[in-house]
Amino acid sequence: MSEPLRWLAVFLVAVAILGLLARYNLWRPPRPKAWPRLLMYHSIRPTAASAGIVMDVDRFAWQVDWMARHGARFVTVSQLLSAEDPRGMVAITFDDGYADNYHYAWPVLRRHGAPATVYIAPEIEGVERLTPAMIHELQADGWEFGAHTVHHCHLPSTESETAREEIAGSRKAVEAVTGRSCKSFAYPFGKYQQEHVDMVREAGFQSAVTTRKAIAPRNRVGRLELPRLSMVGQMNRFEFWLTYSRGRFRV
């Protein structure tokens, strides 16, 4: 190979490596396996084209199976926060309260004795929601139900008094359905300000989850601003592994 061709080959390899590093977070150091993970899902469907918040059931099943093979201790969010030893714990969460969580996610999780935490917006529009009967079945199998405001509202653009009513009202609505104390909250769209954190505390919630992507030991995160790993529908197995080990697969 001539000298110019050799340098061209070196250049092309360097460009390919830089492109890979720019696209994927291979450069991020993996987080310790003992640190707990909170995973955020939304809708699980049987034959859907996986994208955004919708994931097909086969992809979801592979992810859960992989975590189980690698020693995940599946718990609810409240169990994770109250455990004396949270090492290796994984809390699977679902936002919004889709009925397909019952139809398609539950059979997968049940194979591993894995509970989940579902954040319900009782009056969210455009969603086929979990029914009270479904909620009671899931609850009997160890699932936890948290709140997600009443109407799934964008808190920063909502007037303060209305935001307070949405937060406190959602806790009461979830408790009315479940018959149990609602301990955890999820900020809709992951958008909130400090005043909303204060409102969540005033409403009596013991924890709240965000969409901030991070893996951290339990004692380094605030309980009302817990980070989660975003499980997007189209992620492939390599991207899932990067997210699970590093917190995110892209910059």
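Provided above is the structure to which this section pertains.
What counts and what doesn't
Residues numbered from 1 in each chain as written. Predicted model: local features only at pLDDT ≥ 70, side-chain atom pairs only at ≥ 80, totals over all residues. Heavy atoms only, no water. Buried < 20%, exposed > 50% of the residue type's maximum accessible area, 1.4 Å probe, protein only. Helix = DSSP H or I, 4+ residues; strand = E, 2+ residues; numbered from the N terminus. Pairing = 2+ DSSP bridges. Axes fitted to C-alpha atoms, helices over the stretch in contact; angles between N-to-C directions. Parallel < 35°, antiparallel > 145°, perpendicular 65-115°, else oblique. Left-handed = near helix turned anticlockwise from the far one by under 90°. Contact = heavy atoms within 4.5 Å. Nonpolar A, V, L, I, M, F, W, Y, C, P; charged D, E, K, R; others polar. 1 Å grid on protein atoms, 1.4 Å probe; cavity = no way out; pocket = protein on both sides within 12 Å on 5 of 7 lines; lining within 4 Å. Points joined across faces, edges and corners; volume = space filled by probe spheres on them. Phe/Tyr/Trp six-rings, centres within 6.5 Å; stacked < 30°, edge-to-face > 60°. Lys NZ or Arg CZ within 6 Å of the ring centre and 35° of its normal. Core = buried A, V, L, I, M, F, W, Y, C linked by side-chain atoms within 4.5 Å. Arc of directions from axis to C-beta. Right-handed = clockwise from strand over helix to strand, strands pointing away.

Caption draft 1: Geometry of the pairing of strand β7 (residues 144-147). Residues E144 and G146 of β7 are buried on one face, and the alternating residues F145 and A147, pointing to the opposite face, are buried as well. With four bridges joining them, strand β6 (residues 117-120) and β7 adopt parallel strand pairing. Opposite Y119, over in β7, you have G146 as the bridge partner.

Caption draft 2: The packing of helix α2 (residues 57-69) against helix α4 (residues 100-110), seen in detail. Running from N to C, α2 and α4 cross one another at 25°; their axes reach a closest spacing of 10 Å. Of the possible angle classes, the one that applies to α2 and α4 is roughly parallel. Taken as a pair, α2 and α4 cross one another with a handedness that is right-handed. Counting all contacts with α2, which are made through V57, F60, A61 and V64, the residues of α4 involved are Y104, A105, V108 and L109. Looking at the contact of α2 with α4, its residues break down into eight nonpolar, no polar and no charged.

Caption draft 3: Focus on the layout of surface pockets. What the largest pocket holds in volume is close to 270 Å³. Lining the largest pocket are 15 residues, with K33, R37, W66, H70 and Y244 positioned closest to its centre. Secondary structure elements with two or more residues in the lining of the largest pocket: β5 (89-96) and α8 (237-246). The volume enclosed by the second largest pocket comes to roughly 200 Å³. For the second largest pocket, the lining is made up of 16 residues, of which M40, H42, I53, D95 and T211 are closest to its centre. Of all elements in the fold, only β1 (37-41) and β5 reach the threshold of two or more residues within the lining of the second largest pocket. When the residues that make up the lining of the second largest pocket are grouped by side-chain class, the tally is seven nonpolar, seven polar and two charged.

Caption draft 4: Focus on the packing of aromatic side chains. Inspection of the entire model under this criterion finds 13 aromatic pairs. Between W66 and Y244 the ring centres are 5.2 Å apart and the planes differ by 80°, which places this aromatic pair in the edge-to-face class. A residue pair is termed long-range when its members are at least 10 positions apart, and W66 in helix α2 and Y244 in helix α8 qualify at 178 residues. On the accessibility criterion, Y244 (11% relative accessible area) is buried. Ring-pair connections join several aromatic residues into one group, and the members of that group are Y41, F60, F94 and W143. One cation-aromatic arrangement involves R37 over Y244; the distance from NZ or CZ to the ring centre is 5.2 Å. Sitting above the plane of the F205 ring, R171 keeps its charged end 5.7 Å from the centroid.

Caption draft 5: Layout of the nonpolar core. Counting 55 residues, the largest nonpolar core has Y41, F60, M67, I92 and F94 as its most contacted members. Looking at this core, the element that brings in the most residues is α2, giving six residues. Apart from residues no more than four positions distant in its own chain, F60 is found in contact with Y41, I44, M55, F94, A105, V108 and L109. In terms of nonpolar packing, the next biggest core, distinct from the first, is built from 14 residues, L38, V77, V221 and L226 among them.

Caption draft 6: Structural context of empty space enclosed by the protein. With the rule as written, the count across this model stands at one cavity of 30 Å³ or more. Its boundaries defined by the atoms lining it, the largest cavity holds a volume of some 100 Å³. Forming the walls of the largest cavity are P36, R37, L38, L80, L81, A214, I215, A216, R218, V221, L226 and P227. Every element with two or more residues in the lining of the largest cavity is listed here: β1 and α3 (77-82). Considering only residue class, the lining of the largest cavity consists of ten nonpolar, no polar and two charged.

Caption draft 7: Helix α7 (residues 194-202), seen in detail. What α7 keeps buried is the set H196, V197, M199 and V200. The buried residues of α7 occupy an angular sector of 160° when projected down its axis, which confines them to one face. Among the structural elements, α6 (160-178), β8 (184-186) and β9 (207-209) are those in contact with the buried residues of α7. Taken from the residues just after α7, G204 is the one with a positive phi, measuring 100°.

Caption draft 8: View of the pairing of β6. Both faces of β6 are covered, namely the face carrying T117 and Y119 and the face carrying V118 and I120. Pairing of β5 with β6, which is carried by four bridges, proceeds in the parallel orientation. When the sheet's bridge partners are listed, D95 is paired in β6 with Y119. In this fold, β6 hands off to helix α5 (residues 132-140), which returns the chain to β7; that crossover is right-handed.

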